[in-house]
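# Report on the structure
Here are the chains, one letter per residue:
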Amino acid sequence: MDSERNSERRLLKQAQRRAALERRDALSPKERRQAGERILAALTGLPQYRSALRILVYVSFGTEVPTRELIKGALSEGKQVYCPRVEGEGRMSFYRIRDIRELVPGFRGIPEPVPEEERKYRAAERIFPSKHREKALEEPDLIVIPGAAFDRKGGRLGYGGGYYDRFLQPFCEKEGRRSRMEKIGVCFFCQLADSLVQEDTDIRPDRIITEREIIVPPGTEG
């Protein structure tokens, strides 16, 4: 019975993912651009974004919420920007970039940073000029998370590889302690679902931003 139930859940997740991506793909380039601009404005207006000195952000590909202007803006503000690189099945790391032109085609043609060890993101390493060091130790880093679909309870469906769930697991709240990572999911309004199938290992964002609203899931501080 368990295997049958798991198979049904898997099929339902696949159907929910496919439906959300079809709705996203149906947006016109103009609709995506305009919605992306509104999402970017909402994201950069968050106090959590303004105070974060290190930003982890995916590099948009295809019909995803665009992030290139976000990356350029964060770099121009002097933030440390890290982008993901797939390094094996289900595994990815983030590496710091200093210019968006450093990104090169990688996994499935998605632009990725060069894997230089000294640029690899490590949560414990917060190297800043002395005037920023105290603040850097107090403020959590911020990660911008893509997804195929989200719901208002904080549920997220990725693209099926489990990359973000595995990467973010060490940063989740444990024993009531504050998370060391502010997790911001971004999607177009059409990607919201009433309720998504979720597993215990699925990571839930602290906020979800669409072009229409900022969603704070239940149980998340406002």
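These figures come from a predicted structure and were not determined experimentally.

What the chain contains, in helices and strands, is six helices and 12 strands. A total of 222 residues make up the chain; the buried ones form 48% of that total. Long-range contacts, defined as pairs at least 24 residues apart, comprise 66% of the intrachain contacts of the chain with a sequence gap of at least 6. Accessible area for the chain stands at about 12,100 Å²; split by element, carbon and sulfur atoms hold 49% of it.

With that out of the way, let us pick up helix α4 (residues 68–76). Those residues of α4 that sit buried are Leu70, Ile71 and Ala74. Looking straight down α4, one finds that the buried residues subtend no more than 100° of arc, so they occupy a single side. Counted as exposed and oriented over 90 degrees from the buried face of α4: Glu69 and Ser76. Elements that come into contact with the buried residues of α4 comprise α2 (29–44), α3 (47–51), β1 (54–57), β2 (80–88), β3 (91–97) and β6 (141–145). At the exit of α4 stands glycine 78, carrying a positive phi of roughly 85°.

Analysis parameters
Residues numbered from 1 in each chain as written. Predicted model: local features only at pLDDT ≥ 70, side-chain atom pairs only at ≥ 80, totals over all residues. Heavy atoms only, no water. Helix = DSSP H or I, 4+ residues; strand = E, 2+ residues; numbered from the N terminus. Buried < 20%, exposed > 50% of the residue type's maximum accessible area, 1.4 Å probe, protein only. Contact = heavy atoms within 4.5 Å. Areas by Shrake-Rupley, 256 points an atom, 1.4 Å probe, with all protein chains shown as cover. Arc of directions from axis to C-beta.

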